[in-house]
Amino acid sequence: MAAAAASRGFTTPFNLRLRRADVAALNDKNGVLEVRRKKRRLLTSDWGVVKCCCSDSVVPIRMATGSGKSVEKCEEWRFDMKKSPNYRVRAPAMPFASPQPRFVSKDKFFSRCSPRNSGPQSRDSPPKRDTGIANEKDWGISLLNENVIESGTSEDGSTWYRESGEDLGENGYRCRWTRMGGQSHNGTSEWKETWWEKSDWTGYKELGVEKSGRNAEGDSWWETWREVLHQDEWSNLARIERSAQKQAKSGTENAGWYENWWEKYDAKGWTEKGAHKYGRLNEQSWWEKWGEHYDGRGSVLKWTDKWAETELGTKWGDKWEEKFFAGIGSRQGETWHVSPSDERWSRTWGEEHFGNGKVHKYGKSTTGESWDIVVDEETYYEADPHYGWADVVGDSTQLLSIQPRERPQGIYPSLDFGSTPSPTDEPPDESFSSE
């Protein structure tokens with residue numbers, strides 16, 4: 001059934017073919033369908049973790065202040081990324097709630113005739129699955145320094161438009177933005193993309209992108225990406241947060257997918273990373289959630305929960321969790337399967353690591369298996385994220401270079417300590433069911 005479903009996947013750009021990693025690796029032993037647990041590593045995971053390079057030395061970080069094109073003042077921060085034992089991670093992040101401005105949009109735009117072929121380059125390609133959160137340089141965000149409305153027609157008959165402007169609000173809020181898009185000569189395909197940068201007098205800075213499109217076959221997609229710099233209201237530490245949401249839907253069959261990725265970092269090594277994913281290919285659906293949390297002092301929490309089901313009623317899944325600190329910790333998990341006739345099978349397992357070379361292993365299954373032993377075994381886990389504060393600062397130069405509005409003398413920013421919303425688990429608007 002899975003093979004048949006896979007053969008009816010999307011075309012190559014959509015990258016929606018059902019893969020073994022989507023529904024976990026299945027083995028059929030003695031008539032029992034089981035999901036094999038795989039050890040997840042950030043650099044080589046089958047479950048779509050971004051591949052990144054590491055930086056493990058003393059990193060100078062310069063934060064520009066002031067206004068104008070030239071930087072008049074620079075404050076240098078130095079962070080010593082000391083090496084720790086061989087440990088690593090993942091877990092959730094959320095956007096920062098900046099004071100909500102009352103927008104004052106500048107509407108004095110000017111139009112201009114543009115020569116043929118001078119419009120923005122078509123960006124009608126859908127996002128790819130399991131690619132995590134891109135770096136800002138991959139987007140090529142380039143905001144115009146003037147308010148513009150322009151449009152045109154290309155040689156192939158397709159049309160395009162581009163607009164740019166600036167919104168101002170309270171507390172020094174400023175949002176510079178550029179919107180662009182286009183469609184084919186017959187209107188069967190179109191694309192839209194928006195870039196923005198935001199800042200205010202609290203030191204809040206944001207860089208973002210949103211894009212969407214559809215093609216002549218009826219396939220549609222949507223994607224958004226953000227990175228934010230702000231000062232944590234409780235610790236007063238600088239924090240950078242990145243997030244990405246991606247969605248694609250087939251126009252010809254009941255197939256689609258959605259992903260929500262997030263990362264949070266602060267200047268003392270505290271890190272959270274996580275993702276929620278959902279997909280469907282005709283009669284089969286699958287879900288995955290995972291998280292990682294590093295407290296910057298050696299404590300680590302990681303977890304993963306994956307499951308899938310078919311319209312016939314077969315369900316299966318796998319989940320695990322690990323907690324460690326100073327070489328002492330635990331791992332536990334469960335693999336399970338439910339047949340269309342509601343026959344259930346499961347296997348649970350656990351490990352206790354004592355930090356002295358001894359590991360207690362135990363478990364049982366619904367088929368009568370059981371074990372409870374103590375073995376001599378080295379404990380291995382990742383105490384620090386493979387991609388941390390120094391790395392994200394090095395990859396966020398455009399975010400850090402955003403210049404806020406000049407603050408009048410004697411005017412001070414007001415701070416809002418309101419709670420921040422949690423990331424959504426499901427697609428924003430549309431379902432993946434066939435119309």
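Please refer to the structure placed before this passage.
Attention here is on the structure that accompanies the text.

Basis of the calculations
- Residues numbered from 1 in each chain as written.
- Predicted model: local features only at pLDDT ≥ 70, side-chain atom pairs only at ≥ 80, totals over all residues.
- Heavy atoms only, no water.
- Core = buried A, V, L, I, M, F, W, Y, C linked by side-chain atoms within 4.5 Å.
- Buried < 20%, exposed > 50% of the residue type's maximum accessible area, 1.4 Å probe, protein only.
- Helix = DSSP H or I, 4+ residues; strand = E, 2+ residues; numbered from the N terminus.
- Contact = heavy atoms within 4.5 Å.
- Phe/Tyr/Trp six-rings, centres within 6.5 Å; stacked < 30°, edge-to-face > 60°.
- Lys NZ or Arg CZ within 6 Å of the ring centre and 35° of its normal.
- Pairing = 2+ DSSP bridges.

1. Concerning the nonpolar core
Counting residues in hydrophobic clusters, the biggest one holds 26 residues, and the most contacted among them are Ile 141, Trp 225, Trp 389 and Val 392. For this core, the secondary structure elements donating two or more residues are strand 10 (190-199), strand 11 (205-214), strand 12 (220-231), strand 13 (238-249), strand 14 (255-266), helix 3 (389-394) and helix 4 (397-400). Once you skip the residues sitting within four places of it in the chain, Val 392 turns out to touch Ile 240, Arg 242, Tyr 265 and Tyr 387.

2. Section: the packing of aromatic side chains
Under the counting rule described, the total for this entry stands at 6 aromatic pairs. Arranged with centres 6.0 Å apart and planes meeting at 75°, the rings of Trp 261 and Trp 290 form a pair that is edge-to-face. Here Trp 261 is found in strand 14, whereas its partner Trp 290 is found in strand 16 (residues 284-294), with 29 residues between them in sequence. Owing to a relative accessible area of 3%, Trp 290 belongs among the buried residues under this scheme. The ring of Trp 177 is capped by Arg 179, whose NZ or CZ atom sits 4.0 Å from the centre of that ring.

3. Here's the deal with the pairing of strand 18 (residues 315-325)
Sheet analysis places strand 17 (residues 300-310) next to strand 18, joined by 10 bridges and oriented antiparallel. The residue of strand 18 that forms the bridge with Lys 302 is Glu 322. Of the strand pairs in this sheet, strand 18 and strand 19 (residues 328-338) are connected by 11 bridges, and their pairing is antiparallel. When the bridges of strand 19 are listed, Trp 320 appears paired with Gly 333. Here strand 18 hands over to strand 19 after 2 residues, with Ala 326 in that stretch at a positive phi of 55°.

4. Focus on unusual backbone geometry
At Asn 171, a residue that is not glycine, the phi angle is positive and equals roughly 65°. Mapped onto the elements, Asn 171 comes out in the loop between strand 8 (159-168) and strand 9 (174-183). Looking at Asn 171, the relative accessible area reads 13%, which means it is buried. Of note, Asp 342 is a non-glycine position whose phi angle comes to about 70°, a positive value. With respect to the helices and strands, Asp 342 occurs in the loop between strand 19 and strand 20 (344-353). Of the residues examined, Asp 342 reaches a relative accessible area of 48% and is grouped as partly exposed.

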